[in-house]
Amino acid sequence: MTQTTARTDETAPDWTDPTCPVARTLDLVGDRWSLLIIRDAMDGARAFTDFQHRTGIARNILTDRLRRLVERGILDRQTAPSGRRQHYALTDTGRDLFTVIVAMRQWGERHAFTPDEPRSALVDKAGLPLPELRLTDTHGAPVDSRTTIVVREH
């Protein structure tokens, strides 16, 4: 898997909190439209019109977000086979956000819907729902915010 390192040139973002991986991730992909574009790219969207129809995003905002996601190494822009359009595909870095998208989806399933409210479902190739993501320590024991700490460099 390819890893992207933060750029240090003039196109690098101004980091909200330079030592925090959560803040840096949000600086790169944390706005609503960027995450929905990434979600739709994971679901097969490739063309500008695909993203626009699925999200309802304004053309100028979509143009800006696609440009940023390409600059940040999350999407790759390619010329479509027709030669007339651009297609967008997730890079390895973009595909590495799958766990983040699934975690957000599962959180939303638990907290953003009433039990009987209709919603989309993410299933595996056999048509079965994915199990809930669970974080574990190096010994396989469950962890959460009460059992972990952030160690800051001095």
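Provided above is the structure to which this section pertains.
Residues numbered from 1 in each chain as written. Predicted model: local features only at pLDDT ≥ 70, side-chain atom pairs only at ≥ 80, totals over all residues. Heavy atoms only, no water.

Caption draft 1: Region of interest: the nonpolar core. Ranked by internal contacts, the top residues of the largest apolar core, which has 18 residues, are Ile37, Ile38, Phe51, Leu66 and Leu75. Broken down by secondary-structure element, the contributors of at least two residues to this core are α2 (32-42), α3 (48-55), α4 (59-71) and β2 (86-90). Looking at which element gives the most residues to this core, the answer is α2, with four residues. Those residues within four positions of Ile37 in sequence are excluded, and the remaining contacts are Phe51, Ile57, Leu62, Arg65, Leu66, Leu69 and Leu75. (Core = buried A, V, L, I, M, F, W, Y, C linked by side-chain atoms within 4.5 Å. Buried < 20%, exposed > 50% of the residue type's maximum accessible area, 1.4 Å probe, protein only. Helix = DSSP H or I, 4+ residues; strand = E, 2+ residues; numbered from the N terminus. Contact = heavy atoms within 4.5 Å.)

Caption draft 2: Seen up close, the pattern of salt bridges. On inspection of all chains with the given rule, the structure shows twelve salt bridges. Between Arg110 and Glu132 there is a salt bridge whose closest N-O contact spans 3.4 Å. Of the two residues, Arg110 sits in helix α6 (residues 98-111) while Glu132 sits in the segment after α6, which places them 22 residues apart along the sequence. By relative accessible area, Glu132 is classed as partly exposed at 36%. Here the salt bridges do not stand alone but share partners, grouping Asp31, Asp64, Arg65, Arg67, Arg68 and Glu71 into one network. (Salt bridge = Lys/Arg side-chain N within 4 Å of Asp/Glu carboxyl O.)

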